[in-house]
Each structure stands twice: as C-alpha cells, then as structure tokens.
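Residue-level structure breakdown
Each chain, written out:
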Amino acid sequence: MSAVTKLANSTFYCLIVAVLGLFHSGCSKDGSSDTEQFVSSAEAVRPDAQILMQTFYWDVKPEGTWWDTISSKLDSWKSSGVTALWLPVVSKGQSGIHSMGYDPYDYFDFGQYDQHGSIETRFGSFAELKSLIVRAKARNFKLIADIVLNHNSGGDLEYSPYSKKSYWTRFSPRSGKFFRSFEDFHPNALHANDEGVFAEFPDLCHHTENVKDWLYNRPDGIGKYYRDSLQFDGWRFDYVKGFSPSVVKSWNAAVGGISIGEYWDGDVNLVNNWCKAANSAAFDFPLMYAMKAAFDGLNLAELQSKGLIAANPAQAYTFVANHDVDEISVASKPLAYAYIMVAEGTPCIFYKDFEAGLDKVKLNQLIWVKKNLAAGSTKTLLSSQYEYILRRNGTPGVIAYFNINNSDVSRRVQSNWANTLLKDYTGANADVSTDASGMATITCKGKSYAVYAPKELN
Ligand code: ZN
Ligand code: ZN
C-alpha cells in the first residue's frame, strides 16, 4: 500500500486505509484525523554525512600544476561542506608527467625522482603535494589516496622461467623501495593468474612475501607510509575486479582507514559480495546505472530498491559521474545529484560537475540537505514512471519529490511530522502544512525536484 494518494482520491484513500486498518487514526469525511492517534515513523538518528570530492578528471593537463589547483579550491570546498578529498594517484607512472597514475611504476616517487621522462608527476612536484596535504589537513579534510594494485607498468624486460618468455617485470625504482621481479607477477611460483588482468600490464601477485611486505606489512611500505608520512586517511582501490578481495581485507587489517573499492559492475550482488569479502565500502556503480535508466531512460520506477544503497547503505559511496564513466546526461545530472544527496550512502561529487558543469549554488544547497536533513531509513512513498517520492525517517528527516513530467505535479503524502509547517529547501515551492495525522500536499515543478522538511529545525 502506497502512503501517497492523488489529491482527488484522498477521501477514497482514507476509506481504504481505514478498512485495511493501516492507520490507527481514522479519517473523517473532511479528511481530518485524530491527533492523539498519529504514530510517526520518525527515528532518532541524525544526519552524519561525509561528502567526498573526486578532485580530478581524466585529462587534467599534464603541466605539473594540479596539486596547486586543488589547493586553491580548498576554502571553497570547505565552505560547501565537503569533508573528504579523493586525490589522483600520487606516485610516478610509466609515462611520467603524462601519466594519470594508473600505470604505476614507483610507488614512492611523488615527483622527486628523475625517471620515466620527468621529475614531476602529471599533478606536480612532491613539494607541491606536501603543501596541498598540509593545507588540506589544516582544514580538517580527510584524504583518500588512489591505490593501483592490480598491475604495474614500465619495468624492464626480463626472462621468466614460468611463462618461458620475456616480459617487462623487472622494477628497479629510483626511490630504492619495492623492487620487483618476475617472481612477483603472474605466472609465478604461487599462481598462474589471479581474478583479472588489465590490458597487457604485468599482473601483480599479491601473495609473495615481497609484495605483501611492501603493500601493507612494512612500516615503510606503501600502506603505512602513505598513512603515517603522507597522512592519508583512506584508500580508493583501483580495479579490484583484478585480484582477490582478500588483498584489500589484509590491507585494511594491517593499515586501517577509510576503504572504497572500484568494483565496476552494475550487478549489486557482485558489488555487495565484494564489500563483505574485502571488509570495505565500494562505489555504487549499480545505483549510477539505475539513475541513468531512471532519469535519462525516463522511468523513475527504476530507482526503487536499486543500488548498493538499498542492499548495504553503510558501505555505499554514491556518485553521478567519475573520471572513467560520465554517462548521465547534463540535463539529468541535477536530478541525479539531488537523488544521491537525499538518499542513503556517502556521496562523491565529481570535480568537473562541481567546478565546470552544474549550478554550484544548487549543488551547495543539496550538500546542505545531505548534511542537515537526510538521515535515517528510507521509505518509498511513490514509485511511478514520471514521479518518485521518498521519505527519510531520521531527525529531522526529509521528503524528496522527483518529477520528470513537463508540468508541475502535486501529491498528498504521509510525513512523520504532525501539524508542522514544511519548507521546500530548494526554494521552488511555497510552504505547506501537515495535518494532525502528518499528511501534507507537496508540489514539484516540471522536470525538477523538491525537498521538504520542517521549516523550523531543532
Ligand atoms: Zn598471485
Ligand atoms: Zn590481477
């Protein structure tokens, strides 16, 4: 039974719910209810939202100035309510200053060693990175490092007795740390292969003593060095489909911190199973695809019960676009951002959308909603092709209304607030009052969203 009804059907609706005994409060002929018997679904849980910013996009100019660009945005992002920053890969890749970092060569060259054609990385020098970290920490941002573990790139050619051929598996980084040989790549003495390879890159074996040491066991290994010396608070693990979830689980056990996997798949069961096996959160690819189907595919019912936010919200990092996948249309992105800012899960904002694509005032408004209103469990009040309404049951909670009709729409919905004046925090619609049973008639403009909550917040 939906907790929503069209205005014209309200009397009929009251009769139906009364007959079914869904409400303790009866509905009289004029629609009023018994104040004493209203039972709110409100929960005590308050908003506690972290807001993640992905601080880069795929083709950031290879000029070695990006750390300074990020630095220049910190005050603005802080005032917007961003709490954590996902930085691009900090270490030197095979293509030096041209590398986006996903071809890792030397995990300890942060732009201070002359190798692979440059001293600086694409994003700048080690000094500029350190300066960014100091400035970000002074503003209490949590820092998430992008960790690429599936594969390596840029090694020298050497013969492997396992594959009986030569391959680029000899790594002698200038940092002097984490030398690797064919024994550390598949096939080797331990494994013919693991869960996946990426292109033709040498596929790291995460189970040799050398690799385990340098990934997460040694105090001066990648995990603990990034944590203790670079002051990272967490990890975005790249391409986790390419290796066992036990690797991330072991890293998290040894190093700790925020953990987010890039398990790029629309199948929520696969993503959720990975989260459980890796003891890690993950980006909510299933939700991103559901939002694309809903907003671009013009069927909002595609949102209902979709995404990792429905299966495992505490470990869901929601997003609309990232450096790899930017498929939701510009026209639909405001609705998609509104959805992740009222829904469960931890939202990640894509740099390009925030700085160069969308209306920043409206995004800031949505961040405020996430941090101040959107708490507690989720109840879908209406799921249909052109309209979708959800209610968050925490304190204060929120009712969000999505409409992809061209024209304005109104619905009578069940709130958790009796006799309360509600405000649409987007500013698009007039205040409305709930009655003694918590019912209110809310409105949403054509091709838009509205976000209702008590006007007076405690
Ligand atoms: Zn292996
Ligand atoms: Zn692999």
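Here is what the cut-offs are and how they apply
Residues numbered from 1 in each chain as written. Chains lettered and ligands numbered in written order. Predicted model: local features only at pLDDT ≥ 70, side-chain atom pairs only at ≥ 80, totals over all residues. Heavy atoms only, no water. Pairing = 2+ DSSP bridges. Helix = DSSP H or I, 4+ residues; strand = E, 2+ residues; numbered from the N terminus. Donors = N, O, S within 2.8 Å, 3.2 Å for Na, K, Ca; no water. Buried < 20%, exposed > 50% of the residue type's maximum accessible area, 1.4 Å probe, protein only. Core = buried A, V, L, I, M, F, W, Y, C linked by side-chain atoms within 4.5 Å. Domains from an automatic or database assignment. Contact = heavy atoms within 4.5 Å. 1 Å grid on protein atoms, 1.4 Å probe; cavity = no way out; pocket = protein on both sides within 12 Å on 5 of 7 lines; lining within 4 Å. Points joined across faces, edges and corners; volume = space filled by probe spheres on them. Nonpolar A, V, L, I, M, F, W, Y, C, P; charged D, E, K, R; others polar. Polar contact = N/O pair within 3.5 Å; in protein donor to acceptor, adjacent residues only side chain to side chain. Axes fitted to C-alpha atoms, helices over the stretch in contact; angles between N-to-C directions. Parallel < 35°, antiparallel > 145°, perpendicular 65-115°, else oblique. Left-handed = near helix turned anticlockwise from the far one by under 90°.

Spatially, 6 strands are ordered β14-β15-β16-β21-β18-β19 in an open sheet, and the strand pairing comes out antiparallel. Edge positions in the sheet fall to β14 (378-383) and β19 (432-433), since each of these pairs with one other strand and no more. By the bridge criterion, 6 bridges tie strand β15 (residues 387-392) to strand β16 (residues 398-403) in an arrangement that is antiparallel. Its bridge partner being in β16, Tyr388 is matched across the sheet by Phe402.

Summarising the metal site, the zinc ion (ligand 1) is bound by the protein donors His186 (NE2), His191 (ND1) and Cys205 (SG), whose distances to it range over 2.1 to 2.3 Å. For His186, a relative accessible area of 14% gives the class buried.

Before going further, it helps to spend a moment on the nonpolar core. Counting residues in hydrophobic clusters, the biggest one holds 115 residues, and the most contacted among them are Trp77, Leu85, Tyr226, Trp251, Met291, Tyr339 and Phe402. Sorting elements by how many residues they give to this core places helix α10 (residues 333-342) first, with 8 residues. In terms of domain composition, this core takes at least three residues from each of domain 2 (52-374) and domain 3 (380-454). Those residues in contact with Tyr226, other than ones at most four positions away along the chain, are Val90, Ser91, Tyr107, Phe110, Ala145, Ile147, Gly221, Gln231, Phe232 and Trp235. One finds Leu381, Ile399, Ala440 and Ala450 within the second-largest nonpolar core, a separate group that totals 15 residues.

What follows is about the domain arrangement of the protein chain. With domains assigned, the protein chain is organised as domain 1 (1-39), domain 2 (52-374) and domain 3 (380-454). Taking only C-alpha atoms into account, the centre of domain 1 sits 49 Å from that of domain 2.

A word on empty space enclosed by the protein. On inspection of all chains with the given rule, the structure shows 2 cavities of 30 Å³ or more. For the largest cavity, the calculated volume is near 40 Å³. Tallied by class, residues from the lining of the largest cavity come to 6 nonpolar, 2 polar and 1 charged.

Quick look at the coordination of the zinc ion (ligand 2) now. Protein-derived ligands of the zinc ion (ligand 2) are Asn150 (OD1), Asp194 (OD), Asp194 (OD), Gly196 (O), Asp203 (OD), Asp203 (OD) and Gly242 (O), with the metal-ligand distances lying across 2.1 to 2.8 Å. As a motif over one chain, the donors of the zinc ion (ligand 2) read N-x43-D-x1-G-x6-D-x38-G. You can see Asn150 sitting in the loop between β6 (142-147) and β7 (156-160) and its partner Asp194 sitting in the loop between β8 (165-170) and α4 (209-217), a full 44 residues away along the chain. In this structure, Asn150 and Asp194 share a single accessibility class: buried.

Bringing the side chain of Asn188 into the picture now. Among the structural elements, Asn188 can be located in the loop between β8 and α4. A polar side-chain atom of Asn188 sits 3.0 Å from the main-chain amide nitrogen of Leu190.

Here we take up the packing of helix α2 (residues 66-80) against helix α3 (residues 126-138). Close contact between α2 and α3 brings their axes to 9 Å; oriented N to C, the two are set at 15°. For the element pair α2 / α3, the angle class is roughly parallel. By crossing handedness, the relation of α2 to α3 is classed as left-handed. In this structure, α2 uses Trp67, Asp68, Ile70, Ser71 and Leu74 to contact α3, whose residues at the interface are Glu128, Leu129, Leu132, Arg135 and Ala136. Of the residues in the contact of α2 with α3, the class split is 6 nonpolar, 1 polar and 3 charged.

A few words now on the pairing of β15. Look at any regular strand and the pattern is simple: side chains alternate between the two faces of the sheet. In terms of residue burial, β15 counts as a mostly covered element, since 6 of its 6 residues are buried. Of the two faces of β15, the one holding Glu387, Ile389 and Arg391 and the one holding Tyr388, Leu390 and Arg392 are both buried throughout. Here β14 pairs with β15 via 5 bridges, running antiparallel. Its bridge partner lying in β15, Lys379 is registered against Arg391. Taken together, β14 and the strand that follows it, β15, pair antiparallel across an intervening segment of 3 residues. Joining the antiparallel neighbours β15 and β16 is a turn of 5 residues, in which Gly397 adopts a positive phi near 85°.

This next bit is on the pairing of β6. Counting buried positions along β6 yields 5 of 6 residues, so the element is predominantly enclosed. Where strand β3 (residues 84-86) meets β6, 3 bridges bridge the pair, whose relative direction is parallel. In the sheet register, Trp86 faces β6, and the bridge partner there is Ile144. When β6 meets strand β9 (residues 234-237), the two strands line up parallel, connected through 4 bridges. Note that in β9 the partner of Ile144 across the bridge is Gly234.

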